[in-house]
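Here is what each chain is made of, one letter per residue.
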Amino acid sequence: ERIPERVVHARGAGAFGEFVASADFSDVTMADFFFLFGKKTPLMVRFSTVTHQQGSPETYRDPRGFAVKFYTQEGNYDLVGNNLPVFFIRDAIFSNLPESTHMLTWLFSDYGIPANYRQMEGNGVHAYKWVNENGEVTYVKYKWVPQQEIKNLTQEEANKIQSTAIEHATVDLYTEIAKGNFPKWDLYVQMLKAEDFDKLDFNPVDVTKIWPEAVAKSVKVGTMTLNENASNYFQQVEQAAFSPG
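Residues numbered from 1 in each chain as written. Predicted model: local features only at pLDDT ≥ 70, side-chain atom pairs only at ≥ 80, totals over all residues. Heavy atoms only, no water.

### Things to note about the pattern of salt bridges
Line of reasoning, step 1. This model, assessed by the stated rule, comprises twelve salt bridges.
Line of reasoning, step 2. Between Asp206 and Arg90 there is a salt bridge; the shortest N-O distance is 2.7 Å. Of the two residues, Asp206 sits in the loop between β8 (184-192) and β9 (219-228) while Arg90 sits in the loop between β4 (75-79) and α2 (101-107), which places them 116 residues apart along the sequence.
Line of reasoning, step 3. Measuring nitrogen to oxygen at the nearest pair gives 3.0 Å for the salt bridge that ties Asp206 to Lys209. (Salt bridge = Lys/Arg side-chain N within 4 Å of Asp/Glu carboxyl O. Helix = DSSP H or I, 4+ residues; strand = E, 2+ residues; numbered from the N terminus.)

### Considerations on the nonpolar core
Line of reasoning, step 1. Of all hydrophobic cores here, the largest spans 34 residues; its most connected members are Phe19, Phe34, Trp144 and Met224.
Line of reasoning, step 2. At four residues, strand β1 (residues 12-21) tops the list of elements feeding residues into this core.
Line of reasoning, step 3. Leu192, Phe197, Phe202 and Ala216 belong to the second largest nonpolar core, which has six residues in total. (Core = buried A, V, L, I, M, F, W, Y, C linked by side-chain atoms within 4.5 Å. Buried < 20%, exposed > 50% of the residue type's maximum accessible area, 1.4 Å probe, protein only.)

### A short note on the side chain of Gln190
Line of reasoning, step 1. For Gln190, the position within the fold is in strand β8.
Line of reasoning, step 2. A polar side-chain atom of Gln190 sits 2.9 Å from the main-chain carbonyl oxygen of Trp211.
Line of reasoning, step 3. A distance of 2.6 Å separates the side chain of Gln190 from the backbone oxygen of Ala216, its partner in a polar contact.
Line of reasoning, step 4. Among residues more than four places away in sequence, those in contact with Gln190 are Tyr139, Val140, Lys141, Trp211, Pro212, Glu213, Ala216, Lys217 and Ser218. (Polar contact = N/O pair within 3.5 Å; in protein donor to acceptor, adjacent residues only side chain to side chain. Contact = heavy atoms within 4.5 Å.)

### Comments concerning the packing of aromatic side chains
Line of reasoning, step 1. Under the criterion given, the structure shown has 23 aromatic pairs.
Line of reasoning, step 2. With a centroid separation of 6.0 Å and an interplanar angle of 40°, the aromatic rings of Phe34 and Tyr142 are classed as tilted. One end of the pair, Phe34, is in helix α1 (residues 32-35); the other, Tyr142, is in strand β7 (residues 137-146), and 108 residues separate them in sequence.
Line of reasoning, step 3. In this structure Phe34 comes out as buried when scored by relative accessible area, which is 1%.
Line of reasoning, step 4. When the centroid spacing of 6.0 Å and the interplanar angle of 15° are considered together, the rings of Phe66 and Trp144 count as stacked. Of this pair, Phe66 sits in strand β3 (residues 64-72) while Trp144 sits in strand β7, and the two are 78 residues apart along the sequence. Trp144 shares its class with Phe66; the two are buried. (Phe/Tyr/Trp six-rings, centres within 6.5 Å; stacked < 30°, edge-to-face > 60°.)

### Some points on the environment of Pro146
Line of reasoning, step 1. Mapped onto the secondary structure, Pro146 falls in strand β7.
Line of reasoning, step 2. Between the C-alpha atom of Pro146 and that of Ala92, which follows or precedes it by 54 residues, the distance is 31 Å.

Right under this line is the structure:
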């Protein structure tokens, strides 16, 4: 029986691991896996290409999905995003071409073809909300920074790989974890309060924009380590579903 593939992010790879918190954010969030120093939370990650079908090469110029599922003691917390920090449109109903220029600039740089999944960044893209015990809201942007060297491919390098392999990134991730070379990413957040929005000359919840460091400094939250491959790839990776709501 042919299994229907995802409409987007059809080509994917995944692995399991853990997140270890390294700072105290208890004043701005009730999510204890983010603020209890040293707390370990199991997780799984699905990396993916975005626009092409399941059998497509992983060397295509395309955004890469970076979806993380934290298995917390209070239920699953899903953090979805891409390797690029912005997106093509603000709103699907009111989109128009000029706002896409920022994303296209990223896509047609070397960042449009990451060398593999281990050596690429991850971004939440959207502004998420952290809520503390008093119901006070802090807007945050997430960023995963690999401890491995960030590496991208030129179009010529991608063409050479594609001539002999269409799933080089999946094989790379699986092989490195199997060898015990566990990839790690540090998680950083930028924080803004709603009352700070009016002081800015851009809309901070517009996904075609980034938050400059001068506006919101990046602070380290913890570290993710991927140390286990899937034993049943279809069941554990291809059937993984994510809902940031």
